[in-house]
Amino acid sequence: MPFGLIKYGFNKEYPARVDLPPACDLKDSYDVVIVGGGGHGCAAAYYLATEHGITDVAVLDKGYLGGGNTARNTAIIRANYLTPDGVNFYAESVGLYKELSNALDYNIMYSERGHLTLAHTDSAVRTMRWRAEVNKHLGVESELIFADEIARLCPTLDLSDDVRFPVLAALYHPPGSIARHDAVAWGYAAGAARHGVEFHQKTEVTGIVKEAGRVVAVETERGTVKCGQVIQAVAGSSSLVARMAGFKLPIRTIPLQACVSQPLKPFLDPIIVSGSLHAYVSQSARGELVMGGSTDPYPLYGTRSSLDFKEGLMAHMLELFPFLGEVKVLRQWAGMADMTPDFSPVMGETPVENYWLDAGWGTWGFKATPVCGKRMAETVATGRVPDILQPFRLSRFEEFDQVGEKGAASVGH
Amino acid sequence: MTCPLNGPRNISEFVYGGEVVTMPDPARSTDAEWADYVFLEENPAGVVREWWCHAPTSFWFIAERDTVRDEILRTYPAGEVFKDRIDFP
């Protein structure tokens, strides 16, 4: 039916869907400027426009939308953290994610798989019990399971004793999910653009202008833009942009590498994580195994891949799934992660008035995209940091009141 | 990486130890100054001076490294920088 198809294509009743309007000139001034057009920046713009009626917003990105860590994460969504502050925060995010495709009218391919964190040592089992109890107390589904149940959920996993680190137990988190990461940024951007938010790609911020301790304008390659408030959401470059604004962060920029295998028939339903083996894996809708491990051993502003990383990761992958020995790696990449000392983000107030921070997203940023956007938007609209973000304030470090989530980080250490 | 004690060695033998920073006087510094020393990082995109340890020999030294080009520019013993002995009470 080629003719019918062409007719359909040119029919005015079915116009092509335009997600983002074409690029326009920068205005002289905006109510809110969001530095960084990743998932977090786009989500903040979306909630500012939809929930708070603030539409005089510009999102600036030095590259393209969702081209940084939004495009480079392994798309795992979960809420089974260790501290009550962390669990509450990520649980709100999982709730928003579940409804997101409908809310945005944009398919983010949300796929609930269940999430298994394997324990290979007695101390790991203890931490899993701790996490399960904290989770259950706060209404997050999470339980400790043993070999029979693990085998039922993931029959292909090697549960035998003749490996270096046999699996003793697992923390089972049924709401654990994966999603199409790019679609999250695109969906939020399209939703925000429908309400009049401007997106300026290839627009690098080169300076932050302050007057009397308050941010008044943002300098870009394309000229200076006055602004009422600024949200900084530039994972990987957080320290550099914060330095423009005149303050230091408790962040080291360390690459996090990942890779995918050639596509295989579906065999792996749950997401499998092993902190002790520094490996995690899920199977995408395309059949590729999405694999990652711990962060690189030293800070770097670069996204190169290394053989050291792949050798270490694959050795451990083969211990979990020995039959993958002949499978080829198809693609590899890295993202620059903002690692904080306590494995929690840094959000909210900064030493600069009206300059709000959304940083320190290390290896756990994608799963928090909706809650960050929503709560950062609330912060900007009300001028007050909501209670759910308070534990993650920058000043927690000089108050020595950190939110220790290292025990719940998949493999970031 | 070239260890000042052991010569060129595979990078996997070394452990990164953080930026070289000056410790404020613990008895006199404010909480903010101490937190700055303990937690805050310059984290520059460019040349940084930092501690490294050759793990098999536990030898700590200083390296100058470019964090954009992923290049080690120079390594030297800490004695080149820290010449005075510090006695803790």
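Residues numbered from 1 in each chain as written. Chains lettered and ligands numbered in written order. Predicted model: local features only at pLDDT ≥ 70, side-chain atom pairs only at ≥ 80, totals over all residues.

(A) Geometry of the overall build of chain B. Per the secondary structure count, chain B includes 1 helix and 6 strands. For chain B, the succession of helices and strands along the chain, N to C, is β-β-β-α-β-β-β. When its C-alpha atoms are laid out on the principal axes, chain B stretches across 40 × 30 × 20 Å. Partitioning the intrachain contacts of chain B with sequence separation of at least 6 by distance along the chain shows that 48% fall at a separation of at least 24. (Helix = DSSP H or I, 4+ residues; strand = E, 2+ residues; numbered from the N terminus. Contact = placed C-beta atoms within 7 Å.)

(B) Layout of the overall build of chain A. Each helix and strand in chain A was counted, giving 9 helices and 19 strands. Here the C-alpha radius of gyration of chain A, 22 Å, is about what a compact globule of 413 residues would show, namely 22 Å. C-alpha extents for chain A along the principal axes are approximately 70 × 65 × 40 Å. The 413 residues of chain A split such that 51% are buried. Look at the contacts in chain A between residues 6 or more apart in sequence, and 77% of them connect residues 24 or more apart. (Rg over C-alpha atoms; globule rule 2.2 N^0.38 Å. Buried ≥ 20, exposed ≤ 12 C-beta atoms within 10 Å, placed from the backbone.)

(C) Highlighting the nonpolar core. Counting 126 residues, the largest nonpolar core has A:V33, A:V35, A:A45 and A:V57 as its most contacted members. Per-element accounting of this core gives the leading share, 9 residues, to helix α6 (residues 181-194) of chain A. If we skip the residues at most four places from it in the chain, A:V57 touches A:Y30, A:D31, A:V32, A:I34, A:A45, A:L48, A:A49 and A:V197. Core analysis: the next-biggest nonpolar cluster, separate from the first, contains 6 residues, B:C3, B:F14, B:I62 and B:A63 among them. (Core = buried A, V, L, I, M, F, W, Y, C linked by C-beta atoms within 7 Å.)

(D) Summary view of the interface of chain B and chain A. Every contact between the two is made by 14 residues of chain B and, on the other side, 19 residues of chain A. Of the residues forming the side of chain B that touches chain A, the biggest block, 3 residues, is contributed by helix α1 (residues 31-38) of chain B. Here the residues of the side of chain B that touches chain A sort into 7 nonpolar, 3 polar and 4 charged. (Nonpolar A, V, L, I, M, F, W, Y, C, P; charged D, E, K, R; others polar.)

(E) Representation of the sheet that holds strand β8 (residues 177-178) of chain A within the structure. All names here are of chain A. Ordered by their spatial adjacency, 3 strands build an open sheet running β3-β8-β4, and the pairing between neighbours is antiparallel. Among the strands making up the open sheet, the edge pair consists of β3 (76-77) and β4 (111-112). Here β4 pairs with β8 via 2 bridges, running antiparallel. Looking across to β8, one finds that S111 is bridged to I178. (Pairing = 2+ DSSP bridges.)

(F) Fine view of the pairing of strand β1 (residues 29-35) of chain A. Residue and element names in this part refer to chain A. Most of β1 sits out of view: 5 of its 7 residues are buried. With 6 bridges joining them, β1 and strand β12 (residues 223-232) adopt parallel strand pairing. In the strand pairing of β12, V33 is matched with V230. Alignment of β1 against strand β2 (residues 57-60), held across 4 bridges, turns out to be parallel. Bridge pairing in β2 links V32 to V57. In the classification by handedness, the crossover that spans β1, the intervening helix α2 (residues 39-52) and the parallel β2 is right-handed. (Right-handed = clockwise from strand over helix to strand, strands pointing away.)

(G) Representation of the sheet that holds strand β3 (residues 14-19) of chain B within the structure. Residues and elements named next belong to chain B. Strand order in the open sheet formed by 4 strands is β3-β4-β5-β6, with antiparallel pairing between adjacent strands. Each having just a single partner strand, β3 and β6 (71-77) make up the two edges of the open sheet. Each adjacent strand pair in this sheet contributes to an overall mean axis angle of 35 degrees, direction not counted. In this structure, strand β5 (residues 59-66) lies alongside β6, joined through 6 bridges in antiparallel fashion. When the bridges of β6 are listed, F61 appears paired with P77. (Axes fitted to C-alpha atoms, helices over the stretch in contact; angles between N-to-C directions.)

(H) Molecular detail of the packing of α2(A) against helix α9 (residues 369-382) of chain A. Residue and element names in this part refer to chain A. Contact geometry of α2 with α9 gives a least axis separation of 7 Å together with a crossing angle of 55 degrees. Here α2 lies oblique to α9, going by the angle between them. The crossing of α2 and α9 is right-handed. Packed against α2, whose contacting residues are G39, H40, A43, A44, Y46, Y47, L48, E51 and H52, the element α9 presents T369, P370, C372, G373, K374, M376, A377, V380 and A381 at the interface. Here the residues of the contact of α2 with α9 are counted per class, giving 11 nonpolar, 5 polar and 2 charged. (Parallel < 35°, antiparallel > 145°, perpendicular 65-115°, else oblique. Left-handed = near helix turned anticlockwise from the far one by under 90°.)

(I) Quick peek at unusual backbone geometry. Residue and element names in this part refer to chain A. In this structure, A75 takes a positive phi of about 65 degrees despite not being glycine. Looking at the element boundaries, A75 is found in the loop between β2 and β3. By the C-beta count within 10 Å, which is 23 here, A75 ends up buried. Phi at F343 is positive, roughly 60 degrees, even though this residue is not glycine. In this structure, F343 sits in the loop between β17 (329-339) and β18 (346-348). The exposure class assigned to F343 is buried, which follows from the 23 C-beta atoms found within 10 Å.

(J) Here's a closer look at the domain arrangement of chain A. Considered domain by domain, chain A is made up of domain 1 (26-72 + 182-251 + 342-408) and domain 2 (112-177 + 252-339). Using only C-alpha atoms to locate each centre, domain 1 of chain A and domain 2 of chain A end up separated by 30 Å. (Domains from an automatic or database assignment.)

(K) Seen up close, the environment of A:C372. All names here are of chain A. With respect to the secondary-structure elements, C372 resides in helix α9. Using a count of 27 C-beta atoms within 10 Å as the deciding quantity, one classes C372 as buried. Put simply, C372 and H115 are 257 residues apart on the chain and 22 Å apart in space, counted from C-alpha to C-alpha. Residues in contact with C372, not counting those within four places in the same chain, are H40, A43 and D358.

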